[in-house]
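Working through the structure, step by step
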Amino acid sequence: MFFQTSTGNNVQKCPSDTTPKTQPAPDELMFELEDICEAKTNEVQELALDIVSKMVESWLDPTNIVQELPCSCRSDALSHIKGPNSVQKETNFDGGSKGNEKRPRCNTGDKIASRGPNPVTKEYLSLVSLHLPVILRLCFACPFRKVREKCRGILEVVRGKGLPVPSPRVMGPSSFVQFSELPFMGTCDEKTHTLFVDAFLQNNRLDHVSQVMGYHPSYLEQFLKTQHFILRGDGPLPFDYRHYIAIMAAGRHQCSYMIALQKHEFLLQGGDQNWLRGLKCVPQKLRNLYDINKILAHRPWLLRTSHIEKLTKCGNDSWSLAEVVHAIVILTHFHSLCSFVFSCGVNQELDHAGGYEYPGGLCPVSGSTVLSKSADVTGANMPEDRQEVDLTVGRQDWGEVVGACPPSPTEPEVGITTLMQRMKTLSEQTEECTPVELAKRFENIEVQSAELGVVGPEPQETPADISYFVDDPGFQYQDFAKRAESDIHTFRVQDYSWDDHGYSTVNRLYNDVGTLLDSKFKTAYNLTYYTMGGRTDVDTSRFRRAIWNYIQALLGIRHDDYDYGEINALVEKSLKSFIKTACCYPERVTKKVYDRVMREFRHSEKVHVNLMVLESRMQAELIYALRTVNRYQLYN
């Protein structure tokens with residue numbers, strides 16, 4: 001297949017080996033869809049959409065036969081999209097010289113002309129069916145309205161030929177938040193929509209993570225910049241290594257969503273498909289990284305200079321220190337991103353396994369429909385409540401799919417009014433604690449956290465398709481207060497902080513990434529709309545700081561100038577349990593767990609808390625790792 005993927009300033013195209021070379025591959029469909037997204041005007045985009053639609057129709061036409069004759073309409077379309085230099089010779093659709101026709105119309109839509117009976121129709125049908133899940137995804141998760149409309153039309157054409165058409169298993173990006181309550185492409189503000197377009201063009205998809213983050217466009221902007229840089233920007237690691245390291249990181253939390261995305265990206269970057277058979281099939285250089293991967297994911301305080309030395313002094317498989325830092329940034333990014341994926345209930349992408357299903361299994365169902373003709377899946381004419389969609393398996397309510405009604409609370413929860421009063425009281429206090437008292441309060445938080453149980457079901461055995469990328473699955477989080485190593489002390493931020501030390505270290509060894517990370521950390525930490533639930537003009541800074549510092553306390557990090565007594569005043573026990581689970585055991589977060597906490601908060605505010613879990617955890621892992629790198633440099 002031909003996919004266009006941005007890699008810094010370069011564009012790479014990776015051919016698939018699954019398509020017969022003697023026929024025009026339906027891979028052209030994906031190539032054309034990407035061209036559509038780059039089209040600058042509605043007129044050009046509409047023309048390109050016509051080309052794609054006609055292309056699919058020609059594949060499904062039993063009267064067609066493949067002939068090696070170029071179709072001039074495709075040249076005209078590419079000329080409109082990519083400029084006059086994109087094709088060597090331009091002709092109009094009747095075979096003559098190109099005249100003044102502004103918008104040439106395509107009669108076949110294929111890159112070749114075709115006539116007569118087609119002896120390979122069945123093979124074409126099987127090939128085009130490979131792309132149906134992608135077309136289904138574009139019906140829902142493309143920021144261009146006309147693309148969504150045309151893709152729905154394509155599915156209707158395929159259905160009209162009697163072929164089974166896939167339908168979404170679950171509606172929306174999150175199983176915790178109703179689709180109607182998320183930022184939606186047809187109704188979101190201009191800034192959010194622009195970011196959705198950027199995400200789509202960067203990744204060839206508008207993934208579910210970006211859609212959930214759309215609640216907070218200022219953060220999403222920083223997130224997209226950073227992720228694009230570490231995966232596709234300048235850096236010491238090859239592109240295929242970057243995505244495989246992301247797979248290794250996601251494997252530590254059994255995050256099938258991130259693994260599926262990164263496997264796809266790995267192949268697009270020309271990665272060796274044999275590597276996807278598991279860790280045993282990757283080069284020794286990558287396998288040597290695994291100890292750092294599991295330590296940072298679960299017990300970052302165990303990282304020693306010997307782990308860095310093992311990577312940098314192992315003969316032909318040695319890493320440079322710049323490569324080590326790049327790998328650490330990727331590992332910490334995806335460890336923490338797993339926390340966000342699970343704590344927000346992010347659903348599988350519609351074109352990935354588990355994201356779609358066919359009516360009656362894989363067998364065609366006569367007269368089946370993908371979606372009700374009265375329900376617009378494009379977002380342009382969808383009813384305002386966006387509540388009903390007619391799936392192939394029957395009519396379902398989106399609220400039923402995601403479980404709209406929260407369970408009955410099992411214990412009382414401090415209300416927002418009480419929380420606001422406590423924040424006000426704390427702000428009015430003038431008495432300062434002694435350093436000894438501050439240290440004691442931190443130790444109390446450590447002990448209480450160790451006694452606090454995690455929520456959610458016990459993790460099941462690692463699925464086989466994930467276990468290939470996991471070594472030592474029994475190595476998990478251990479409460480810092482219960483650590484067995486007597487020589488490991490609390491990490492004091494005053495001795496090594498992100499602002500004073502980590503930022504300069506990472507920027508020195510991996511140019512510019514420190515600036516991006518710093519902006520992302522600060523955006524998540526300082527993000528506020530001065531609201532809490534339905535209240536307005538609320539100063540939430542103390543609440544945000546309590547959550548941020550509690551997350552880092554779980555990983556043994558202490559801020560000497562912070563009164564940890566505020567955590568007990570502002571973060572109640574149920575929220576502490578949720579944060580501990582999201583940070584340390586994210587794979588155990590369920591919708592029931594999500595609904596039990598912050599019951600008066602809006603979904604956007606819950607997502608903000610999960611963003612702080614993501615960023616505070618990543619910062620904690622990074623400063624442990626960068627402090628170790630600094631120590632290694634001092635002694636080598």
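About the criteria used
Residues numbered from 1 in each chain as written. Predicted model: local features only at pLDDT ≥ 70, side-chain atom pairs only at ≥ 80, totals over all residues. Heavy atoms only, no water. Helix = DSSP H or I, 4+ residues; strand = E, 2+ residues; numbered from the N terminus. Buried < 20%, exposed > 50% of the residue type's maximum accessible area, 1.4 Å probe, protein only. Contact = heavy atoms within 4.5 Å. Areas by Shrake-Rupley, 256 points an atom, 1.4 Å probe, with all protein chains shown as cover. Polar contact = N/O pair within 3.5 Å; in protein donor to acceptor, adjacent residues only side chain to side chain. pLDDT = per-residue confidence, 0-100. Core = buried A, V, L, I, M, F, W, Y, C linked by side-chain atoms within 4.5 Å. 1 Å grid on protein atoms, 1.4 Å probe; cavity = no way out; pocket = protein on both sides within 12 Å on 5 of 7 lines; lining within 4 Å. Points joined across faces, edges and corners; volume = space filled by probe spheres on them. Nonpolar A, V, L, I, M, F, W, Y, C, P; charged D, E, K, R; others polar. Disulfide = S-S within 2.5 Å. Phe/Tyr/Trp six-rings, centres within 6.5 Å; stacked < 30°, edge-to-face > 60°. Lys NZ or Arg CZ within 6 Å of the ring centre and 35° of its normal. Salt bridge = Lys/Arg side-chain N within 4 Å of Asp/Glu carboxyl O.

**Some points on the overall build of the chain**
- Helices and strands together make up the secondary structure of the chain, namely 26 helices and 12 strands.
- The proportion of buried residues among the 636 residues of the chain is 58%.
- Counted over contacts in the chain with a minimum sequence separation of 6, partners at least 24 positions apart contribute 76%.
- Surface accessibility of the chain: about 26600 Å² in total, with carbon and sulfur atoms responsible for 48%.

**With respect to the environment of His-559**
- By the secondary structure assignment, His-559 is in the loop between strand E12 (557–558) and helix H23 (565–570).
- Classification of His-559 as buried rests on a relative accessible area of 14%.
- The residues touching His-559, leaving out its near neighbours within four places in the chain, are Val-493, Gln-494, Asn-549, Gln-552 and Tyr-564.
- There is a polar contact of 3.0 Å between the side chain of His-559 and the side chain of Gln-552.

**A look at the confidence of the model for the chain**
- For the chain, mean pLDDT is 79; residues scoring 70 or higher make up 71% of the total.
- Note that residues 1–27 has pLDDT below 50 and, in this model, 74 contacts with residues that lie over four places away or in other chains.
- Within the model, the stretch residues 363–409 combines pLDDT values under 50 with 104 contacts to residues more than four positions away or in other chains.

**Some details on the nonpolar core**
- Among the nonpolar cores identified, the biggest contains 158 residues, and Met-213, Tyr-244, Phe-340 and Ile-579 are the most heavily contacted of them.
- Examining the composition of this core, we find that 15 residues originate from one element, helix H26 (residues 603–634), more than from any other.
- Discounting residues that sit within four places of it in the chain, Tyr-244 has contacts with Phe-266, Trp-275, Leu-276, Gly-278, Leu-279, Val-282, Leu-286 and Phe-469.

**Some remarks on the side chain of Arg-588**
- Relative to the helices and strands, Arg-588 is located in the loop between helix H24 (573–584) and helix H25 (591–596).
- For Arg-588, a relative accessible area of 8% corresponds to the buried category.
- There is a polar contact of 2.9 Å between the side chain of Arg-588 and the backbone oxygen of Pro-457.
- Residue contacts for Arg-588: discarding those within four places in its chain leaves Val-454, Val-455, Gly-456, Pro-457, Glu-458, Pro-459 and Thr-581.

**Focus on the layout of surface pockets**
- A volume near 660 Å³ is recorded for the second largest pocket.
- Every residue lining the second largest pocket is counted, 28 residues in all, and those nearest its centre are Gln-254, Ser-256, Phe-342, Val-346 and Glu-587.
- Here the lining of the second largest pocket is composed, by residue class, of 13 nonpolar, 10 polar and 5 charged.

**Side note on the state of the cysteines**
- Tallied over the entire structure, the rule returns 0 disulfides.
- Between Cys-139, a free cysteine, and Cys-151, which holds the nearest cysteine sulfur, the sulfur-to-sulfur gap is 5.4 Å.

**Things to note about the packing of aromatic side chains**
- Applying the stated criterion across every chain yields a total of 21 aromatic pairs.
- Between Trp-301 and Phe-480, the aromatic rings sit 5.1 Å apart at their centres with planes inclined by 80°, giving edge-to-face as the arrangement. Remark: Phe-480 occurs in the loop between helix H19 (464–467) and strand E9 (491–492) and Trp-301 occurs in the loop between helix H13 (290–298) and helix H14 (305–312); sequence separation between them is 179 residues.
- With 4.9 Å between their ring centres and 75° between their planes, Phe-442 and Tyr-564 make a pair best called edge-to-face. With Phe-442 in helix H18 (residues 435–451) and Tyr-564 in the loop between E12 and H23, this pair connects stretches of sequence that are 122 residues apart.
- Classification of Tyr-564 by relative accessible area gives buried; the value is 0%.
- The positively charged end of Lys-606 is found above the aromatic ring belonging to Tyr-594, 4.3 Å away from the centroid.

**Focus: the pattern of salt bridges**
- Inspection of the entire model under this criterion finds 27 salt bridges.
- The partner of Lys-580 in a salt bridge is Asp-479, and the shortest N-O contact between them spans 2.9 Å. Here Asp-479 lies in the loop between H19 and E9 and Lys-580 lies in helix H24, a separation of 101 residues in the sequence. An identical accessibility class is assigned to Lys-580 and Asp-479; each is buried.
- Three or more residues are tied together by salt bridges with common partners; here these are Arg-137, Arg-205, Glu-349 and Asp-351.

**Focus: the side chain of Arg-137**
- Relative to the elements of secondary structure, Arg-137 occurs in helix H5 (residues 132–140).
- Those residues in contact with Arg-137, other than ones at most four positions away along the chain, are Cys-142, Asn-204, Arg-205, Glu-349, Leu-350 and Asp-351.

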